[in-house]
Amino acid sequence: MVSRTDIEAVEGANTAFYEAMERGDFDALSALWLEDEISCVHPGWPVLSGRGEVLRSYALIMSHTDYIQFFLTDTKVSVLGDTALVTCTENILSGGPAEDGGELGPLVGQLVVATNVFIRTSDGWRLWSHHGSPVLTESDEDEEEASG
């Protein structure tokens, strides 16, 4: 039987991951990942393997994103022993680099379905793998048909 405490701890680790991204806090984000072999798939990217490659990708994303906010929906947590699986929909609002006037660039919305796998360690739950896939909206499909 999975304890409510385990589920809450995994939910907390998952929330901390997204909050670190929103703050652009690379150190906090790095601390949430296992030290061992990890993997990550960002929407549209190839599979990234190993701590160096995965963390470099987050440094790159953070350095090119002036504003990002995640609204998580459809979050489900499953715990089996020392492994936890979190699935959710990332409703992302992000802004590009500032324009000439110094204001934040245009805000863009995106839907991504994500799977985050956590492992229980002596220091708490740590990310082992993150996989994000874009969700095609009706307008995306219309654009693909028009260009195809």
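The structure we're discussing is the one just above.
Let us look at the structure shown here. (Residues numbered from 1 in each chain as written. Predicted model: local features only at pLDDT ≥ 70, side-chain atom pairs only at ≥ 80, totals over all residues. Heavy atoms only, no water.)

1. A look at the packing of aromatic side chains
In the structure shown here, the tally under the stated rule is five aromatic pairs. Note on phenylalanine 17 and tyrosine 18: the rings are 4.9 Å apart at their centroids and 70° apart in plane angle, and the pair reads as edge-to-face. Exposure class is identical for phenylalanine 17 and tyrosine 18. Each is buried. An aromatic cluster is defined as three or more aromatic residues linked by ring pairs; in this entry it consists of Phe17, Tyr18, Trp33, Tyr58 and Phe70. (Phe/Tyr/Trp six-rings, centres within 6.5 Å; stacked < 30°, edge-to-face > 60°. Buried < 20%, exposed > 50% of the residue type's maximum accessible area, 1.4 Å probe, protein only.)

2. Side note on the pairing of strand 5 (residues 107-121)
Bridging between strand 4 (residues 83-95) and strand 5 involves 13 bridges; their strand directions are antiparallel. The residue bridging leucine 93 from the neighbouring strand is glycine 109, located in strand 5. In the sheet, strand 5 pairs with strand 6 (residues 124-134) via 10 bridges, with the strands oriented antiparallel. Counted as the bridge partner of phenylalanine 118 is leucine 127 from strand 6. In this structure, the hairpin formed by strand 5 and strand 6 is closed by a connection of two residues. (Pairing = 2+ DSSP bridges. Helix = DSSP H or I, 4+ residues; strand = E, 2+ residues; numbered from the N terminus.)

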